[in-house]
Amino acid sequence: MPPKGVIAELGWVFARFFWGESEFGFKRHWSAWKILCRPVEEGGVGFCSLQAIIEAFSRKLWWLFRYGLSLWAQFMRARYVGELHPNQVSISPKFSPTGKRMFRIRFSMEMWLKWDLSREDVAFWWDNWSGLDPLAWRFPDLASNARVYDFLREGQWDHLTLAAFPSEVTESAADSFFCFGKVPDGLVWTLQLLGEFSTKLAYQVVRSSGIRLWTFVSIWHSLIQQKFSFLMWRLLHEQLPVDNVLAKFQGHGPSRCQCCSLPQLETLQHVFATGVLANEVWGFFGQSLGVATPSVACVRSRCYKWWLLSVKGRAFRWLSRVLPLLIV
Ligand SMILES: [Zn+2]
């Protein structure tokens, strides 16, 4: 696993490439890379977070290790586990970087793993067959190396033996399902309907998710060039180089807009919504389709007016969604 410093440095390299450079050096990074890495519906631009990708692949390692069919899994088991159960092993400084990486995410991954019982040949205390996580985590003093079949009698739970344990154990046993077959007990990833591990889904789980905002979904469309969508994205995030935004970074100075015969303060709202030129452009398209907005309306409220417009027909709905991007 790459060190955190390397991951951070790679993030800088990606960001520098994305924002570009000029003869004066690297251009301003208007937004933090981690914000750009959010999905579009959460206000990002949908880049993937390198850190989250690595985390997802760490979980894939654990899945492959616990699935246990490959030669690599058998080797890792022989090297790190031996006669113990994988959940009994303590991380040692002698572990290889891959071993440490894999065992470090063990607890978060084991919560999502469940064993479907067929031969009942999984560890009663250390494997998650009950859906409650490995029972040994809840009852460490009771844990032993017993298998599930040690607690069965004639195809049924041996309730006399189970009665000695806390009610949580007996209840989880009662809720479990046996299929009594000859196939080995199956490992299931509970986050996926089919039970198979998916790196793509693991990525969604490990990244820190935020609030979904429909506004930002409206600015991206497959038929619209991404540079238009990104311009609107920067506008809604107030990340364009007009005087009132630059004043936050460079201090206040004289400000004159370029769009009016009588120059006014150059602000984002003036240039893109309330200025003479902006009002003319919004007004032209608004009159054509019957969308009226007051001349003092800000960019956001003008966009909302278009995006929430009740129109019939797929073409008109598409038009009402993309026109604000083209107007801007
Ligand atoms: Zn102006």
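What counts, and where the lines are drawn
- Residues numbered from 1 in each chain as written.
- Predicted model: local features only at pLDDT ≥ 70, side-chain atom pairs only at ≥ 80, totals over all residues.
- Helix = DSSP H or I, 4+ residues; strand = E, 2+ residues; numbered from the N terminus.
- Rg over C-alpha atoms; globule rule 2.2 N^0.38 Å.
- Contact = placed C-beta atoms within 7 Å.
- Buried ≥ 20, exposed ≤ 12 C-beta atoms within 10 Å, placed from the backbone.
- Pairing = 2+ DSSP bridges.
- Axes fitted to C-alpha atoms, helices over the stretch in contact; angles between N-to-C directions.
- Parallel < 35°, antiparallel > 145°, perpendicular 65-115°, else oblique.
- Left-handed = near helix turned anticlockwise from the far one by under 90°.
- Nonpolar A, V, L, I, M, F, W, Y, C, P; charged D, E, K, R; others polar.

The name given to the protein in an unreviewed UniProt entry is Reverse transcriptase zinc-binding domain-containing protein, with the source organism recorded as Coffea arabica.

Participant: When you look at the overall build of the protein in this model, what are you seeing that I'm missing?
Facilitator: Of regular secondary structure, the protein possesses 17 helices and six strands. Against the globule reference of 20 Å for 328 residues, the protein gives a C-alpha radius of gyration of 29 Å, more extended than a compact globule. For the protein, the spread of C-alpha atoms along the three principal axes comes to 90 × 50 × 35 Å. The contacts of the protein with a sequence gap of at least 6 include a subset with a gap of at least 24, amounting to 52%.

Participant: Would you mind showing me how to read the environment of Phe124 here?
Facilitator: Structurally, the position occupied by Phe124 is in the loop between strand E3 (113–116) and helix H7 (135–138). Along the backbone, Phe124 and Ala146 are 22 residues apart, and their C-alpha atoms lie at a distance of 5.7 Å. Leaving out residues up to four positions away in the same chain, Phe124 has contacts with Ala146, Arg147, Val148, Asp150 and Phe151.

Participant: Sorry, what's going on with the environment of Asp121 here?
Facilitator: The residue Asp121 is located in the loop between E3 and H7 in this model. It is 67 Å that separates the C-alpha atoms of Asp121 and Glu23, two residues lying 98 residues apart in sequence. Once residues lying within four places of it in the same chain are set aside, the contact partners of Asp121 are Arg147, Tyr149 and Asp185.

Participant: Looking at this structure, I do not really get unusual backbone geometry. What am I missing?
Facilitator: Among all residues except glycine, the phi angle is most often negative; among peptide bonds, the trans geometry is most common. With a phi close to 75°, Asp133 is a non-glycine residue in the positive phi region. One can find Asp133 in the loop between E3 and H7. Here Asp133 falls in the partly exposed class, since 16 other C-beta atoms lie within 10 Å of it.

Participant: When you look at the pairing of strand E6 (residues 186–189) in this model, what are you seeing that I'm missing?
Facilitator: Side-chain positions along a regular strand alternate between the two faces of the sheet. Covered by surrounding structure in E6 are Leu187 and Trp189 only, the residues Gly186 and Val188 on the alternate face being uncovered. Of the pairings in the sheet, the one linking E3 to E6 comprises four bridges and is antiparallel in character. Following the sheet pairing, Trp115 is matched in E6 by Leu187.

Participant: Looking at this structure, I do not really get the packing of helix H16 (residues 299–307) against helix H17 (residues 314–327). What am I missing?
Facilitator: Put simply, H16 and H17 touch, their axes get as near as 8 Å, and they point 160° apart. Classified by the angle their axes make, H16 and H17 are roughly antiparallel. Both H16 and H17 take part in a crossing whose hand is right-handed. Listed contacts from H17 to Arg302, Cys303, Trp306 and Trp307 of H16 are Ser320, Arg321, Leu323 and Pro324. Taken together, the residues of the contact of H16 with H17 sort by class into five nonpolar, one polar and two charged.

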